[in-house]
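The primary structure of each chain is shown beneath.
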Amino acid sequence: MIGVVYLGNNPKTQERLKYIPGQLVRMTTAYKDAAQICTPHVANEHFIVFFERSVRNEDITAITYLRKKSRNVYIILITDDMTDEERDIYMKCGINDTIINAASVTDFNKKIQFISDRENILFDDEAPKYKILKFKIPVWKRLFDIIFSGLAIILLSPIFIITAIAIRIESPGPILFKSKRVGTNYTIFDFLKFRSMYIDAEERLKELSKDHNQYAATESHEEEDNKTITAPLGADAEQDMLDMGMESMMMIGDEEVMLVGDDFVMAESDFSKQKEEEINNAFVKIENDPRITKVGKFIRKYSIDELPQLFNILKGDMSIVGNRPLPLYEAEKLTVDSSIDRFMAPAGLTGLWQVEERGKGGNMSAEERKQLDITYGQTYNFMLDMKIILRTLTAFVQKENV
């Protein structure tokens, strides 16, 4: 329930506010009277106060008093243009919005209707207490992670030492490789691995052909030729659309919608397909990667390169079983609603898609991976974790370079 109050002495504004459809606007020239009017008499009663701007010091006193006495008000300043300094001053003392002096009855009515439609959000005393949905790891899972990772680090310490020596002998550079990864709740952390690539591996990635990406969709020559096509526009018409500096749409006959941007003219269907492929190709997987060292190939084959992640697990960055933490460039492409559930689950050393992928010979699409991650997040339990660990151990030696 919303009441409307006008605080000011401008006859033109008073006259316009009299004609607000279906709304009785109570008017006063004294801010203390306005505060009294805005005292709620029933539950969930709120007030919109149209405040006519006048002398700044007097305005600040009035707005501050009104805000202090009546928390259930939404104050709209009626004003001409303001400087940035004036705008900051008025906002700090408590105004919520502005409307121009020359606003019509329709403008006032639209403003009132907009606020009324969002009453439960815009008023402090009725604002819903929104909570950011976060995943919290269960106690049983965290205890298991600490015990398992601690024992594993102790038992595997000889392998840690031998691997570190081999890496240092073969190629210069650090023994451990740290990369920023995105885990549970989109949390970014330093992901540890034994270095299996040459020290300039990240730069080499940019030089590799897209054809090496086993998740990238293959296209025929005809599809490549048709990706960007120039519509049969007259030169002047086409230039006019490009000069707009924004993406536009036009019809070619009755068949295809064309999208016209600053530097392209593309069929809508091709544009949609290109965007879909960008999402599907978020997971980058390189076949027979030439960036990997000889020691790197060995430790990758037997998953030894993953062992330093036991320290991530001990620290709490991730869990023994969960969804694989993703590099930033992959995670940023998975922020749409259909992918968010993937990150509302434990991040892990091994997981459902890893054991399923090995069972399929390493051939799994990005969408299949994402769906398995979501499935795990929705169904994980102690028994499922134990099954995944056992399947990981039995598939320890990878037959293919996946």
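Notes on the structure in this doc start here. The numbers attached to residues start from 1 for each chain and follow its sequence in the written order. Since the coordinates come from a predicted model, pLDDT governs what is reported: local features require at least 70, and pairs of side-chain atoms require 80 or more to be given and counted, while whole-chain, interface and lining totals use all residues. Hydrogen atoms and water are omitted, and side-chain values are computed over all heavy atoms in the structure.

**Some details on the pattern of salt bridges**
- One speaks of a salt bridge when a side-chain nitrogen belonging to Lys or Arg is within 4 Å of a carboxyl oxygen belonging to Asp or Glu. Tallied over the full model, the rule gives 11 salt bridges.
- K111 serves as the salt-bridge partner of D97, at 3.0 Å between the closest nitrogen and oxygen. Of this pair, D97 sits in strand β5 (residues 97–100) while K111 sits in helix α5 (residues 105–117), and the two are 14 residues apart along the sequence.
- Two residues, R324 and E306, come together in a salt bridge whose shortest N-O distance is 2.5 Å. In this pair, R324 sits in the loop between β11 (319–321) and β12 (326–327) while E306 sits in the loop between α13 (294–301) and α14 (309–315), placing the two residues 18 residues apart along the sequence. Here a helix means four or more residues in a row that DSSP labels H or I, a strand means two or more in a row labelled E, and each is numbered from the N terminus.

**What to know about the packing of helix α7 (residues 139–155) against helix α19 (residues 382–394)**
- Axes, fitted as lines to C-alpha atoms, cover a helix only where it is in contact. Angles between the N-to-C directions of the axes lie from 0 to 180 degrees. Where α7 meets α19, the axes come as close as 11 Å, and the angle between the chain directions of the two elements is 30 degrees. Between α7 and α19, the angle is such that the two are roughly parallel. Taken together, the residues of α19 that come into contact with α7 (itself represented by W140, K141 and F144) are F382, D385, M386 and I389.
- Following the grouping adopted for this structure description, the nonpolar residues are Ala, Val, Leu, Ile, Met, Phe, Trp, Tyr, Cys and Pro, the charged ones are Asp, Glu, Lys and Arg, and the polar ones are all others, Gly among them. For the contact of α7 with α19, a count of residues per class yields five nonpolar, no polar and two charged. If an angle is under 35 degrees, it is roughly parallel; if it is over 145, roughly antiparallel; if it lies from 65 to 115, roughly perpendicular; otherwise it is oblique. Contact criterion: two residues are considered in contact whenever any of their non-hydrogen atoms come within 4.5 Å of each other.

**Quick look at unusual backbone geometry**
- In this structure, N185 takes a positive phi of about 60 degrees despite not being glycine.
- For N185, the position within the fold is in the loop between β6 (176–182) and β7 (188–194).
- At S303, a residue that is not glycine, the phi angle is positive and equals roughly 60 degrees.
- Tracing the sequence through the fold places S303 in the loop between α13 and α14.

**As for α13**
- Only protein chains enter the accessibility calculation, which uses a 1.4 Å probe; a residue is then buried when its area is under 20% of its type maximum, exposed when over 50%, and partly exposed in between. Buried within α13 are the following residues: V295, G296 and I299. Within α13, the buried residues cover an arc of 100 degrees as seen down the axis, which keeps them to one side. Turned more than 90 degrees from where α13 packs its buried face, K294 and K297 sit exposed.
- Looking at the buried positions of α13, the neighbouring elements they touch are α8 (157–170) and β7. Starting at the helix axis, one direction is taken to each C-beta atom, and the arc is that of these directions.

**A short note on the packing of α8 against α13**
- Between α8 and α13, the least distance of the axes is 9 Å, while the angle of their chain directions is 150 degrees. Our classification of the angle between α8 and α13 gives roughly antiparallel. On the side of α8, the interface is formed by T163, A166, I167 and E170, while α13 contributes K294, V295, G296 and I299.
- Class assignment for the residues of the contact of α8 with α13 results in four nonpolar, two polar and two charged.

**Some words on the pairing of strand β2 (residues 25–28)**
- When DSSP finds two or more bridges between a pair of strands, those strands are recorded as paired. Both strand β1 (residues 2–7) and β2 contribute to a ladder of four bridges, which runs parallel. Of the residues in β2, the one forming a bridge with Y6 is M27.
- Seen with its strands pointing away from the viewer, a crossover is right-handed when the path leading from the first strand over the helix to the second is clockwise. With helix α1 (residues 11–17) bridging β1 and its parallel neighbour β2, the resulting β-α-β unit is right-handed.

**Observations regarding the sheet that holds β6**
- The strand order across the open sheet built from three strands is β7-β6-β12, with neighbouring strands paired in antiparallel fashion. Edge positions in the sheet fall to β7 and β12, since each of these pairs with one other strand and no more.
- Inspection of the sheet shows β6 paired to β12 by two bridges, in the antiparallel sense. Note that in β12 the partner of V182 across the bridge is L326.

**Examining the side chain of D145**
- Turning to its location among the elements, D145 is positioned in helix α7.
- When charges are counted, Lys and Arg are positive and Asp and Glu negative, with His and the chain ends excluded. For the buried D145, which has no salt bridge, the nearest side chain bearing the opposite charge is R142, at an N-O separation of 4.6 Å.
- D145 has contacts with I137, I313, M318, S319 and I320, leaving out every residue within four places of it along the chain.

**What to know about the packing of aromatic side chains**
- Between the rings of Phe, Tyr and Trp (Trp by its six-membered ring), a pair exists once the centres lie within 6.5 Å; its type follows the angle of the planes, with under 30 degrees stacked, over 60 edge-to-face, and the other angles tilted. For the structure on display, the rule yields 12 aromatic pairs.
- Ring centres of F50 and F108 lie 5.1 Å apart, and the angle between their planes is 80 degrees; on these two criteria the pair is classed as edge-to-face. Of the two residues, F50 sits in strand β3 (residues 46–52) while F108 sits in helix α5, which places them 58 residues apart along the sequence. Across the pair, exposure class does not vary: F50 and F108 are buried alike.
- Members of the aromatic cluster, connected to one another through ring pairs, are W140, F144, F148 and F382.

**Structural notes on the nonpolar core**
- Within the largest apolar cluster, 29 residues are counted, with the highest numbers of intra-cluster contacts made by F194, L310, Y376 and I388.
- Apart from residues no more than four positions distant in its own chain, I388 is found in contact with V321, T350, G351, L352, V355 and Y376.
- L66, V73, I75 and I95 belong to the second largest nonpolar core, which has 19 residues in total. Working definition of a nonpolar core: buried Ala, Val, Leu, Ile, Met, Phe, Trp, Tyr and Cys residues. They are joined through side-chain atoms within 4.5 Å.

**Observations concerning a nonpolar patch on the surface**
- Without a salt bridge and with relative accessible area above 30%, a residue can belong to a patch; like charges are then joined within 9 Å and nonpolar side chains (Val, Leu, Ile, Met, Phe, Trp, Tyr) within 5 Å. Using the Shrake-Rupley algorithm and a 1.4 Å probe, accessible areas are obtained, with residue cover drawn only from the displayed protein chains. A surface patch of nonpolar side chains, about 310 Å² in accessible area, is lined by W140, F382 and M383.
- The partly exposed category is assigned to F382, whose relative accessible area is 41%.

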